[in-house]
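Residues per chain are reported as follows:
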Amino acid sequence: MTGQTGPSHEGYDPRTDRDPRRVDEHAPGVSHHEPIGLRRRLSLNHMGTFDWDLDKGFMNLDPGALEVFDLHADEYDGAPLSLVARVPPEEGLRLDAALSQALQDGSSSYGAYFRVQGRDGTLRWTHSQGRILHDAGGMPYRIIGIVREASGELADSALLRTLQQERQRQTLMVQQTTAALARALSVADVTRVLTGTGGAKRFGADALVLGLVANERFEVIATVGLEGEVPQDMMNSRLDDTLPLSDAVLSRRPSFLGTRGELIARYPRLRPYTDMLPTGSASFLPLVAQDTVIGALALLSAEPSVQSTETRNLALALASVVAQSLQRATLFDQEREFATGLQATMLPRRVPSITGGEVTVRYHPASVGRDVGGDWYDAISLPQGLTGLVVGDVQGHDTHAAAVMGQLRIALRAYASEGHSPETVLVRASRFLAELETDRFATCTYVQADLESGALHVARAGHLGPLISDSARHIYWPETRGGLPLGVATAFGRDHFPETQLFLEPGSTLLLCTDGLVEHPGRDITTGIDALSAAVRAGPGDLEALADQISDHLWAEPGSEDDMALLLLHRLPHPGAASSPRLRLHVHQADPSGASEVRTSLRRTLDQWRVGDVTHDVEVAASELIANALTHTESGALVSVELLAGAPQRIRLEVEDRSSQWPRRRSPGETATSGRGLMLVEALADRWGAEPRGSGKALWCEFDVPDGAGPA
């Protein structure tokens, strides 16, 4: 083959069927047809050879190698170190490291890329590759190799790396967009993904416009990256071919434009809004789901460009992902609207007006997810001017839970309207739920309120107890006894729901809620209870504003995954009456644990009032007076404690019973086991006495609050 001088009729000619471009180039000393030697062939390809005698330390470079290093023959003396004039130190280290590693590993060859600095100071990539020869003992003694210019080669590699990086970037864009949209449930969620931080960048754009088709009109639902506000006639317009997104919907075809000028030329209607649009390329993509065009997406860039086939295919793929997400989100919104509408019809449409007080309610379905829950509230007008207040929660988060809630709410309202006691109401409701033969249970708190006297009769079925805020914004959660959840209590034969009597003083507020307000995943419920207490304490005085603030900051802002029902009852202050902090509790005559619960509530209240060391004396006196009432009368005891203003402030404690028998102070002997109660009261209190109260009496005592104590 190498000796052939005549033409070849069977060989390969790269010029066949091609029209090569004419280039003025002449290789000196090379004729058209004369044979070319090996060294000349290497030189023509910017390649040379070297022979390195390791024993003598002499490296022979042929003319081609000298040309690669940009050296003249008289500038090189055969010593490898003389190449330092052309090889920068850091590049020499790179080359030396590759050779040293090959020698250490016993390799028979090595190769390395390094840069050579030419006479004009420019750096060119060079590649060296050598064969290492070893003697019989395995010691290297000679290296024979080649050096060649590699700038063009590495430029091609850089291009390949750029293309690979672009493909990786595009793959990452698809992955990120798909992952973000996979978590989007509603249309609002989809728009948040597209317009949030990095939304447009996920599509390789600087600005983005998204719109949906509705009733033969095109409505823009999301924009990001545009300069200024989009005009209203552009936000909602009829479908025609004068606007690019509407045109994409009607034609069902995407359009790709290289510059803003092309965009304005094709759609002159956009001319008044030129300054709003980025100056670069634009893509307008129809959003097709199940062969239906549901909208269109615009991707706008700041840099003009002719979009490649890969870029266009990527844009179409992303548009398909958006279309599928929007279709799924639209169905989700429709289902959720139906479910929440169904649940709303099962809740009271209005809250009855209450003499001497006001009631406000809030209900919110879960902020995430498709399903609705079984939370409910109710306010019921009862006989004799009483009011029934209910907050409850049916187990589960689906339409079945909502249906059970509707039936249970109506049944409980019917039992309460008959005037039954709270315990009886819950007993009947539990049996009703058990007879429904559903696998659901329900928790509930029912309060029968008499705002004339402020008396509250509370019964609980596995539910959170009430919170009370007095006129001075002191917050406490009174101890209230309760039973098992409705349905479960009947199934276990323990449908007993003991009542607790509380008192709501004028100017005070009662709060009932479901656990969706205080429970959040990964957080202890006590944290939520503390946050609710702080919100009520620092909240506005207006009841409606307080309800809004609680639901906005404790439920909507963190985005709860549970439903929430909230009910607030405020007892109006008596006109002209000065309100003072007060606590009233009832102890049933047959309740042995009542005195202990009173002491706990009393201690918590006095701690909030910050009355100092007198707390212990008040607690002991209360215990003695309660014991006297329960032991020597046939009625329970009504315990009241009040912080009276003055100098000094005073704590007034009253224990009222229905016995007309007057107390008698005795003088017990040393061995007596009773009769010292009033003696202790007299010793601890600054003053005490007894007063007639209707059909009974009240024993009272007062304690002066030490200087420096008392609420701020």
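Refer to the preceding data block for the structure.
Summary of the structure given here. (Residues numbered from 1 in each chain as written. Predicted model: local features only at pLDDT ≥ 70, side-chain atom pairs only at ≥ 80, totals over all residues. Heavy atoms only, no water.)

Attention shifts here to the pattern of salt bridges. Enumeration over the complete set of coordinates arrives at 27 salt bridges. In this structure, arginine 687 and aspartate 704 form a salt bridge, with 3.4 Å as the shortest nitrogen-oxygen distance. Taken as a pair, arginine 687 in strand β26 (residues 687–693) and aspartate 704 in strand β27 (residues 696–704) lie far apart in primary sequence, 17 residues in all. Given the relative accessible area of 31%, arginine 687 is considered partly exposed. (Salt bridge = Lys/Arg side-chain N within 4 Å of Asp/Glu carboxyl O. Helix = DSSP H or I, 4+ residues; strand = E, 2+ residues; numbered from the N terminus. Buried < 20%, exposed > 50% of the residue type's maximum accessible area, 1.4 Å probe, protein only.)

Right, let's get into the side chain of aspartate 393. In this fold, aspartate 393 is placed in strand β14 (residues 387–394). The buried charged residue aspartate 393 lacks any salt bridge, with arginine 440 as its nearest oppositely charged partner at 8.9 Å. Filtering out sequence-adjacent residues up to four positions away, aspartate 393 remains in contact with Gly374, Asp375, Trp376, Phe441, Ala442, Thr443, His463, Thr514 and Asp515. (Lys, Arg positive; Asp, Glu negative; His and termini not counted. Contact = heavy atoms within 4.5 Å.)

Let us now look at unusual backbone geometry. Note the cis peptide between alanine 647 and proline 648, where omega equals 0°. With respect to the secondary-structure elements, proline 648 resides in the loop between β24 (637–644) and β25 (650–657). Of note, asparagine 215 is a non-glycine position whose phi angle comes to about 55°, a positive value. Residue asparagine 215 is classed as exposed on the basis of its relative accessible area, which comes to 76%. Notably, arginine 473 is not glycine yet its phi reads approximately 65°, a positive angle.

The next thing to look at is the packing of helix α10 (residues 399–417) against helix α11 (residues 422–435). Where α10 meets α11, the closest approach of the two axes is 9 Å, and the angle between their N-to-C directions is 145°. Both α10 and α11 take part in a crossing whose hand is right-handed. Residue-level inspection shows Val404, Gln407, Leu408, Ala411, Leu412, Tyr415 and Ala416 of α10 in contact with α11, the latter providing Val425, Leu426, Arg428, Ala429, Phe432 and Leu433. Taken together, the residues of the contact of α10 with α11 break down into 11 nonpolar, one polar and one charged. (Axes fitted to C-alpha atoms, helices over the stretch in contact; angles between N-to-C directions. Left-handed = near helix turned anticlockwise from the far one by under 90°. Nonpolar A, V, L, I, M, F, W, Y, C, P; charged D, E, K, R; others polar.)

Take the sheet that holds strand β8 (residues 236–238) next. With antiparallel pairing, six strands are arranged side by side in an open sheet as β8-β7-β6-β11-β10-β9. Each edge of the sheet is formed by a strand with only one pairing partner; in this case those strands are β8 and β9 (255–257). Ignoring strand direction, the axes of neighbouring strands in this sheet form an average angle of 20°. Here strand β7 (residues 217–224) runs beside β8; their pairing, made up of three bridges, is antiparallel. Across the sheet, the residue bridging to glutamate 219 is asparagine 236, located in β8. Together, β6 (207–214) and β7 form the strand contacts of helix α5 (residues 187–195), whose direction differs from that of β7 by roughly 45°. Strands β6, β7, β8, β10 (282–289) and β11 (292–300) of the sheet are contacted by helix α7 (residues 244–251), whose axis makes an angle of about 145° with β11. (Pairing = 2+ DSSP bridges.)

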